[in-house]
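Observations on chain architecture
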Amino acid sequence: MCGIVGYIGNKEAYPILINGLKRLEYRGYDSAGVSLLDGKNDISVLKKKGKVGELDEYARQHDISGNIGIGHTRWATHGEPNDINAHPHTSMNGHFTIIHNGIIENYGRLKKRLEDRSYVFETETDTEVLANLMEYIYLKGQVSAEIAVRLALHKAIGAYGLAILCKDEPDKLIAARRGSPLVIGVGEDEYFLASDATPIVEHTKSVIYLNDNDVAILGRDELVLKTIKNDKLTPKVQQLDMEIGDIEKNGYDHFMLKEIFEQPRSIKDTFRGRISTDRENISLGGLYSVLPVLEKAKRIIILGCGTSWHAGLIGEYLIEDLARMPVEVEYASEFRYRNPIINNDDVVITISQSGETADSLAAIQQARQAGATVLGICNVVGSSIPRETDAGVYTHAGPEIGVASTKAFTAQVTVLAMMAILLGKKRGQLEDTVFKNLIQELSDIPDKIEKILQFNHEFKKLAELYKEANNFLYLGRGYSFPVALEGALKLKEISYIHAEGYPAAEMKHGPIALIDENMPVVVIALQDKSYDKIVSNIQEIKARKGKVIALVTEGDTTIKEMADHVLEIPPTLESLASLLTVIPLQLLSYHIAVLRGCSVDQPRNLAKSVTVE
Ligand code: G6P
């Protein structure tokens, strides 16, 4: 949530900052701003409500020279999204200009104290409080900018990723992190700063991930890393495993569409090196050290938010079904605030695309303190959750830029399937032939997705028919129920049509009252053990004149006669079908959103990485 970029070097900073902000726009797009230092003790601030493009238009009418600069794209927390509340924020006497991702929880108290000392505030933001606090300490204590920053951060409670300029020290850029991610790119006589590596990869692959309580003081050719307590640290430079093509649209109209079409590859990348080439075995290196604990766990608790929570539900069905272990799935935000019972023989698995979701991160910290073994299934390498967990598995889906998650979801389910199959085997729950068949079927999933993607035009036609709907219902049973939830979420997120996902059997306990000729109902009706029941549900909908869009197993003729539309899914095992059934639902919501003229990759009010609680 909120994107930060920074540059210090010998090049013009503005183009680097503005391109970086475009890459980070998925993190928030309420407003954007940049500050540039031209080496003459002068910091310019250019900021605008709206998207980065609007800032760019505005900024180009002003002086945008300077070799040092910081930039921000905002997802509003404190203060409405307008020009004034946009970052950067400058302290009252103009010494400090800062940008911030996170929330300063005690900003009210700090603000009051500063007001008592004659500070006047222009904005409603917590960030301006930090800028003024730094300045107050700087002027009062006659200390360097770095010391003022560190002392101010001692007084701040909450989360921050910060980029700071001080006009009196025009050859420095200061960065600090607690809770909100920051990465430094190391170039030749230049450094880059960003909330994640996507703005950096086109400049350098050498990066340093900041840890909580780190402060970095960047000069053109010098980096000093320390803790806020002033302990010196040795920077650990790592190499990015990302290509520039991974973060570009490559001819697609939207990142979401590109990411939907990438799924055959992203799933293959997720099981590459984990499923043996003879398709007879699975090994998950990231779990190696904890496998004995995991196998014997009394209970597995899966945590996540949004789409990752939906993947967690499928994980529950998979692990209970194939490994016969008890699993609970919780929203991370509920888990952490409801005094949960956590035992030291529990294993907690946190699923997160970004690896930065604040509630998921806080929940695992709580689980760790209670003595549980904590694992992560994350997509962003080097993000916070993988660094806070005992072990884990990366999804290797590649950067996901569209705010609505697609390929990360199928990669998460792929990892959960591999875990469940592996645990089932280790715990003696799966016979060898069943074990091998599961692996083979999982290996065939990418080709089957490819087949579904070939019908993209059909999903578009369907979208034309239903683009004006005000409501949608999604129904499924068993493994298809979480897919129904995910299908409904995708539609709400990007097309703003109200949609609900329901277990099909629950329809009679409420949603059936909503059904009339205006209600499209998407029913996942595969030929599995719920088939007869779901066929009855379809009849119940038709009896009330609802419009049925059914996802059926290839060759199904029974449902074809009842439903208004059928979309065929290649046959696979019931436990793996969610990897296929979700694809038409992603495409349907994509096309509906495009036809309604919605901002597909950047839906209103949402952000990709939710780093506030
Ligand atoms: C936001 C995103 C969703 C995502 C959720 C959890 O709401 O828009 O796409 O599923 O956060 O994010 P995570 O990074 O933890 O998977």
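Scroll up for the structure.
1. Focus: the site of the ligand
In the vicinity of the ligand lie 13 residues, with Ser-308, Ser-352, Gln-353, Ser-354 and Thr-357 positioned nearest. One nitrogen or oxygen atom from the side chain of Ser-308 is found 2.5 Å from an oxygen atom belonging to the ligand. A distance of 3.2 Å separates an oxygen atom of the ligand from a polar backbone atom of Val-403. Protein burial of the ligand: of its 390 Å² of free accessible surface, 91% is covered by the chains. Here the element with the most residues in the shell around the ligand is helix α9 (residues 306–323); it accounts for three residues.

2. Observations concerning the environment of Ser-180
For Ser-180, the position within the fold is in the loop between β8 (173–178) and β9 (183–186). Owing to a relative accessible area of 0%, Ser-180 belongs among the buried residues under this scheme. Remark: the alpha-carbon pair of Ser-180 and Glu-356, spanning 176 residues in sequence, is separated by 7.5 Å. Among the polar contacts listed, one links the side chain of Ser-180 to the backbone oxygen of Asn-101, at a separation of 3.0 Å.

3. A short note on the packing of helix α1 (residues 13–24) against helix α2 (residues 52–59)
Packed helix pairs are specified by the crossing angle of their axes together with the interaxial distance, meaning the distance between the axes. For the pair α1 and α2, the least separation of the axes is 9 Å and the interaxial angle reads 160 degrees. By the angle between their axes, α1 is roughly antiparallel relative to α2. Here α1 and α2 pass one another in a crossing that is left-handed. For the pair α1 and α2, contact is made by Tyr-14, Ile-18, Leu-21 and Lys-22 and by Val-52, Leu-55, Asp-56 and Ala-59, respectively. In the contact of α1 with α2, the residues fall into six nonpolar, no polar and two charged.

Reading guide: rules and limits
Residues numbered from 1 in each chain as written. Predicted model: local features only at pLDDT ≥ 70, side-chain atom pairs only at ≥ 80, totals over all residues. Heavy atoms only, no water. Near = heavy atom within 4 Å. Polar contact = N/O pair within 3.5 Å; in protein donor to acceptor, adjacent residues only side chain to side chain. Areas by Shrake-Rupley, 256 points an atom, 1.4 Å probe, with all protein chains shown as cover. Helix = DSSP H or I, 4+ residues; strand = E, 2+ residues; numbered from the N terminus. Buried < 20%, exposed > 50% of the residue type's maximum accessible area, 1.4 Å probe, protein only. Axes fitted to C-alpha atoms, helices over the stretch in contact; angles between N-to-C directions. Parallel < 35°, antiparallel > 145°, perpendicular 65-115°, else oblique. Left-handed = near helix turned anticlockwise from the far one by under 90°. Contact = heavy atoms within 4.5 Å. Nonpolar A, V, L, I, M, F, W, Y, C, P; charged D, E, K, R; others polar.

On their own, these measurements won't tell you what the molecule is for.
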